[in-house]
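Residue-level listing of the chains:
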Amino acid sequence: MITRVIIVDDQAMVRAGFAALLAAQSDIDVVGEASDGAQGVELSRSTHPDVVLMDVRMPEMDGLEAARRLLAPPPGVTHRPRVLMLTTFDVDDYVYEALRAGASGFLLKDAPPADLVAAVRVVASGEALLAPSVTRRLIEDFARRRPVSRGKPDLRLNGLTERETEVLTLVARGRSNTEIARALVLAEQTVKTHVSRVLTKLDLRDRAQAVVFAYESGLVAPGE
C-alpha cells in the first residue's frame, strides 16, 4: 500500500530534503509541497494525501490553523488526512493545541532521517506519534503554563468500564502499553484491546487525542 504525503513548510530546503528522503521509499509517494498553511490546505483538498507533514510556525497561515481546517473541514468536504506536526522545539503551546485539534503527533525537524520515515508510516497506519516520555514533558509544560481547573466530568466517561477508565488514566500519565500491562497485571495485547475500545467509545482518533481528552474531561489533572 502506498502512503500519499504532502509537505507544508516555509523553508524550501526543508521541503526538498524531506521530499527526497520520503520519495526514496518504495511505499511513500510525495504528491505535493506547499510553503504556508493556506496553500497546504488547498493542496490537501486537491490531492487527498494520507499524511500531511505540517510545520508549526509559518507566515500567512501557521500550521495550527491549517491543521484545524484540515481536521474539521467544512460541510461537503469529506477528506481528513492524518496530520504530523513538524517543530524545532519539542514542547510548546502550538503543539498542544495541534493535538487538541486532532493532529496525530509531532516530530522534531532535526530528528534522524529514519525517524521521519518511521513517523510517516506510524501515522499513516492510524497510530499516534506521541512517545510516553514526550507525553510526560508535554503534560508538565502545559500544566506549568496553563493550569487545568477541574470542572464537571465529561459525561462520555460514564460509557467506559472501570478497567477502561484505569487504562485511559495511565495513558494520560504517559505510560506505555508495556508499563500499563505491568501496573494492572494484564497481558500487553489486552491493554491494546482496552485502548482500542476507549478510542472507539469516546470517538477519538488516536492515543494523542486520548491524552488531551483525559485532562480536559477532568479524569486526571497535571501533577497527580
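Throughout what follows, the structure given in this document is the object of discussion. (Residues numbered from 1 in each chain as written. Predicted model: local features only at pLDDT ≥ 70, side-chain atom pairs only at ≥ 80, totals over all residues. Heavy atoms only, no water.)

What to know about the overall build of the protein chain
For the protein chain, the helix and strand inventory stands at 10 helices and 5 strands. Across the 224 residues in the protein chain, those meeting the buried criterion constitute 49%. Considering only contacts in the protein chain between residues 6 or more positions apart, those separated by 24 or more positions represent 67%. (Helix = DSSP H or I, 4+ residues; strand = E, 2+ residues; numbered from the N terminus. Buried < 20%, exposed > 50% of the residue type's maximum accessible area, 1.4 Å probe, protein only. Contact = heavy atoms within 4.5 Å.)

Describing the sheet that holds strand β5 (residues 105–108)
Spatially, the 5 strands line up as an open sheet ordered β2-β1-β3-β4-β5, and their pairing is parallel. Among the strands making up the open sheet, the edge pair consists of β2 (28–34) and β5. Recorded for the sheet is a direction-independent mean angle of 25° between the axes of neighbouring strands. Here strand β4 (residues 82–87) runs beside β5; their pairing, made up of 4 bridges, is parallel. For Met-85, the partnering residue across the bridge sits in β5 and is Phe-106. Strand contacts of helix α1 (residues 12–23): β1 (3–8), β2, β3 (51–55) and β4, with the helix running at about 165° to β2, the strand carrying the most contacts. (Pairing = 2+ DSSP bridges. Axes fitted to C-alpha atoms, helices over the stretch in contact; angles between N-to-C directions.)

As for the pattern of salt bridges
Side chains that differ in sign of charge can pair as their charged atoms come close. Counting across every chain of the model gives 8 salt bridges. A salt bridge links Lys-109 to Asp-55; the shortest N-O distance between them is 3.3 Å. On the criterion of sequence distance, the pair formed by Lys-109 in the loop between β5 and α5 (113–124) and Asp-55 in strand β3 is long-range, its members being 54 residues apart. No difference in accessibility class separates Lys-109 from Asp-55, as the two residues are buried. The closest approach of N and O atoms between Arg-69 and Glu-65, which form a salt bridge, is 3.0 Å. Note that Arg-69 and Glu-65 are positioned in helix α3 (residues 63–71) at a spacing of 4 residues, about one turn of the helix. The class for Arg-69 is partly exposed, based on a relative accessible area of 41%. (Salt bridge = Lys/Arg side-chain N within 4 Å of Asp/Glu carboxyl O.)

Remarks on the side chain of Glu-164
Inspection of the secondary structure puts Glu-164 in helix α7 (residues 162–172). A polar contact of 2.9 Å, which involves the side chain of Glu-164, links it to the backbone nitrogen of Thr-161. Discounting residues that sit within four places of it in the chain, Glu-164 has contacts with Gly-159, His-194, Arg-197, Val-198 and Lys-201. (Polar contact = N/O pair within 3.5 Å; in protein donor to acceptor, adjacent residues only side chain to side chain.)

Comments concerning helix α10 (residues 207–216)
Burial analysis of α10 places 9 of its 10 residues in the buried class, which makes it a mostly covered element. Residues of α10 that are buried: Arg-207, Ala-208, Gln-209, Ala-210, Val-211, Val-212, Phe-213, Ala-214 and Tyr-215. Following α10 by one or two positions, Gly-218 adopts a phi angle in the positive range, close to 90°.

Topic: the packing of α7 against α10
Between two packed helices, the angle of one axis relative to the other and the distance separating the axes together describe the packing. Packing of α7 against α10 leaves a shortest axis separation of 9 Å and a crossing angle of 100°. In terms of their interaxial angle, α7 and α10 are classed as roughly perpendicular. For the pair formed by α7 and α10, the contact residues are Leu-168, Val-171 and Ala-172 on the first element and Arg-207, Ala-210, Val-211, Phe-213, Ala-214 and Tyr-215 on the second. Considered class by class, the residues forming the contact of α7 with α10 number 8 nonpolar, no polar and 1 charged. (Parallel < 35°, antiparallel > 145°, perpendicular 65-115°, else oblique. Nonpolar A, V, L, I, M, F, W, Y, C, P; charged D, E, K, R; others polar.)

Spatial relationships are all this shows, so hold off on functional conclusions.
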